[in-house]
Amino acid sequence: MIIDSHGHFTTAPPALGAWRERQIRAYEETGARVSPNELRISDDEIRTAIENGQLKLQIERGTDVTLFSPGAGKMAHHYGDERTSLDWSRVSNDLIARVCGLFPERFVGVCQLPQSPGDALPASIRNSVDELERCVKELGSVGCLLNPDPSDGYYQAPPLTDRVYYPLYEKMAELGVPAMVHVAMSRNPAMQGTCAHYLAGDTAAFMQLCESDLFKDFPTLQLILPHGGGAVPYHWGRYRGMMQDRGRPPLEESILPNVSFDTCVYHKRGLELLLDIIPARNVLFASEMIGAVRSVDPETGRRFDDTKYTLDSIDSLSDADRQAVYGDNALRVFPRLEGVLKSRSTAAANDKELKK
């Protein structure tokens, strides 16, 4: 089974964006709330968006399941207050659950958390705990997106290793769900979103983990750094040396048991470097489709985000390591995933029997 661990609903029906615009405008102008019940999206609209987008590419590329989350850039946690973020997260997560309900053998949910920057951060983390539990227990989510910069481009929050986040980590450990550490949009004009802010967020989060004892406090916690880990694999020696200078344990002991990297690296040499430096056990197959880069690479004739094509072209990867990257690692890092897939497969088989 080929599991894409990083997919976003970037093709959501326009009504979602229109609701969000009304929500932001109402709060900024008068402090009013726009009810989530005002959002109207039909099942047919969802089917059209998925069948012409993510599902079409799944079939073309030969992947089986996508771990599917709301559009990361659109999380935009800096807008409004903690209630704004909570309502937006619930709307977004409910929509992902509907996608998974309509295409149960193809998509499994990963939820957005209602984070907020500044003084609202502690309250928003409490809300995140509740929303995570709701999404896992009621909607079938198997993971979450964790924004290391809810100020969206200005890094006005403490590091992810700060104790303000501990209630969330406690709930993640209790539920057995990992977090993909993923920034949202950048409102800082000096930090372009997908190629500067995204990769800088991955890199900064890794260093936060290196300087902390987070995994001593939460030994089962699993975090995923997307986009190949930003600059991390390229500068692996720098991180190793810095930790050695500080008398800290080797990264293989202090970080790799709890941190994975994904394959959202859009050229062969970069993906080879990732797989040369990071053990295959710590790499999850992912494409980010349909995400940051949507055009065709003139050097290959394939879309840049067709990471399966790129991974298949790397001959140095053993069969065992290739299978680990394509699916086995995801089943380990997302402990709830196998159970969800089995229950859905059983339900689909039962439905077919009933229709005979």
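What counts, and at which threshold
Residues numbered from 1 in each chain as written. Predicted model: local features only at pLDDT ≥ 70, side-chain atom pairs only at ≥ 80, totals over all residues. Heavy atoms only, no water. Helix = DSSP H or I, 4+ residues; strand = E, 2+ residues; numbered from the N terminus. Rg over C-alpha atoms; globule rule 2.2 N^0.38 Å. Buried < 20%, exposed > 50% of the residue type's maximum accessible area, 1.4 Å probe, protein only. Lys, Arg positive; Asp, Glu negative; His and termini not counted. Charge placed at Lys NZ, Arg CZ, Asp CG, Glu CD. Contact = heavy atoms within 4.5 Å. Pairing = 2+ DSSP bridges. Right-handed = clockwise from strand over helix to strand, strands pointing away. Disulfide = S-S within 2.5 Å. Phe/Tyr/Trp six-rings, centres within 6.5 Å; stacked < 30°, edge-to-face > 60°. Core = buried A, V, L, I, M, F, W, Y, C linked by side-chain atoms within 4.5 Å. Salt bridge = Lys/Arg side-chain N within 4 Å of Asp/Glu carboxyl O. Axes fitted to C-alpha atoms, helices over the stretch in contact; angles between N-to-C directions. Nonpolar A, V, L, I, M, F, W, Y, C, P; charged D, E, K, R; others polar.

Within the chain, the regular secondary structure consists of 14 helices and eight strands. Relative to the 2.2 N^0.38 estimate, which gives 21 Å for 356 residues, the radius of gyration of the chain is 20 Å and therefore close to what a compact globule would have. Taking the principal axes of the C-alpha coordinates as reference, the chain spans close to 55 × 55 × 40 Å. Across the 356 residues in the chain, those meeting the buried criterion constitute 54%. Treating the 39 positive side-chain charges of the chain as one cloud and the 49 negative ones as another, the clouds have centres 2 Å apart.

Now for helix H5 (residues 121–139). All buried positions along H5 are accounted for by Leu121, Ala123, Ser124, Ile125, Asn127, Ser128, Val129, Glu131, Leu132, Arg134, Cys135 and Val136. Buried-residue contacts for H5 involve helix H4 (82–102), strand E3 (107–112), strand E4 (143–146) and helix H6 (166–175). Glycine 140, located one to two residues past H5, shows a positive phi value of around 80°.

Here we come to the pairing of E3. Each regular strand displays side chains that alternate between the two surfaces of the sheet. By the criterion of burial, E3 is predominantly enclosed, with six of the six residues buried. Pairing between strand E2 (residues 65–70) and E3: three bridges, direction parallel. Residue pairing across strands places leucine 67 opposite valine 108, the latter belonging to E3. Note on the crossover from E2 through H4 to E3: the handedness is right-handed. Pairing of E3 with E4 involves three bridges; the strand directions are parallel.

Going through the model one piece at a time under the given rule, you end up with zero disulfides. Lacking any disulfide linkage, cysteine 111 is separated from the closest cysteine sulfur, that of cysteine 135, by 4.1 Å. According to the relative accessible area criterion, cysteine 135 is buried, its value standing at 0%.

Each aromatic ring pair is described using two quantities: the centre-to-centre distance and the angle formed by the ring planes. Within the structure shown, the criterion is met by 12 aromatic pairs. Ring centres 6.2 Å apart and planes at 15° place the aromatic pair tryptophan 19 and tryptophan 88 in the stacked group. Here tryptophan 88 lies in helix H4 and tryptophan 19 lies in helix H1 (residues 14–30), a separation of 69 residues in the sequence. The exposure class assigned to tryptophan 88 is buried, which follows from its relative accessible area of 5%.

What follows deals with the nonpolar core. In this structure, Leu132, Tyr169, Met172, Phe206 and Phe261 are the most contacted members of the largest nonpolar core, which totals 54 residues. Looking at this core element by element, the count peaks at six residues for H5. If sequence neighbours within four positions are ignored, phenylalanine 261 has contacts with Phe206, Leu225, Gly228, Gly229, Val232, Trp236, Leu256, Leu274, Ile278, Asn282, Val283 and Leu284. Membership of the second largest hydrophobic core comes to 21 residues, among which are Val65, Met180, Ile224 and Val333.

Attention shifts here to the pattern of salt bridges. Here the structure, examined in full by the defined rule, presents 22 salt bridges. With a closest N to O distance of 3.9 Å, arginine 22 and glutamate 38 form a salt bridge. Of the two residues, arginine 22 sits in helix H1 while glutamate 38 sits in the loop between H1 and helix H2 (43–51), which places them 16 residues apart along the sequence. Residue class for arginine 22 comes out partly exposed when judged on its relative accessible area of 29%. We classify glutamate 38 as partly exposed; its relative accessible area is 44%. When salt bridges that share partners are traced, they join Arg61, Arg302, Arg303, Asp305 and Asp306 into one network.

With that out of the way, let us pick up the sheet that holds E2. Sheet strands pair via backbone hydrogen bonds, and the direction of the pair is either parallel or antiparallel. In spatial order, the strands read E1-E2-E3-E4-E5-E6-E7-E8; together these eight strands make up an open sheet with parallel pairing. Two strands in the sheet have a free side with no partner beyond their single neighbour: strand E1 (3–9) and strand E8 (283–284). With three bridges joining them, E4 and strand E5 (residues 179–181) adopt parallel strand pairing. Pairing of cysteine 144 across the sheet is with alanine 179, part of E5.

Following both chains from N to C, one finds H2 and helix H3 (residues 54–61) inclined at 35°, their axes separated by 4 Å at the closest point. In this structure, H2 contributes Ala49, Ile50 and Glu51 to the contact, and H3 contributes Gln54, Leu55 and Lys56. Within the contact of H2 with H3, the residues separate by chemical class into three nonpolar, one polar and two charged.

On to the side chain of serine 92. If you trace the backbone, serine 92 turns up in helix H4. What serine 92 contacts, discounting residues up to four positions off in sequence, is Pro70 and Gln112.

Here the focus is the pairing of E1. Burial analysis of E1 places seven of its seven residues in the buried class, the great majority of the element. Of the pairings in the sheet, the one linking E1 to E2 comprises five bridges and is parallel in character. Looking at the pairing, histidine 8 lines up with serine 69 of E2.

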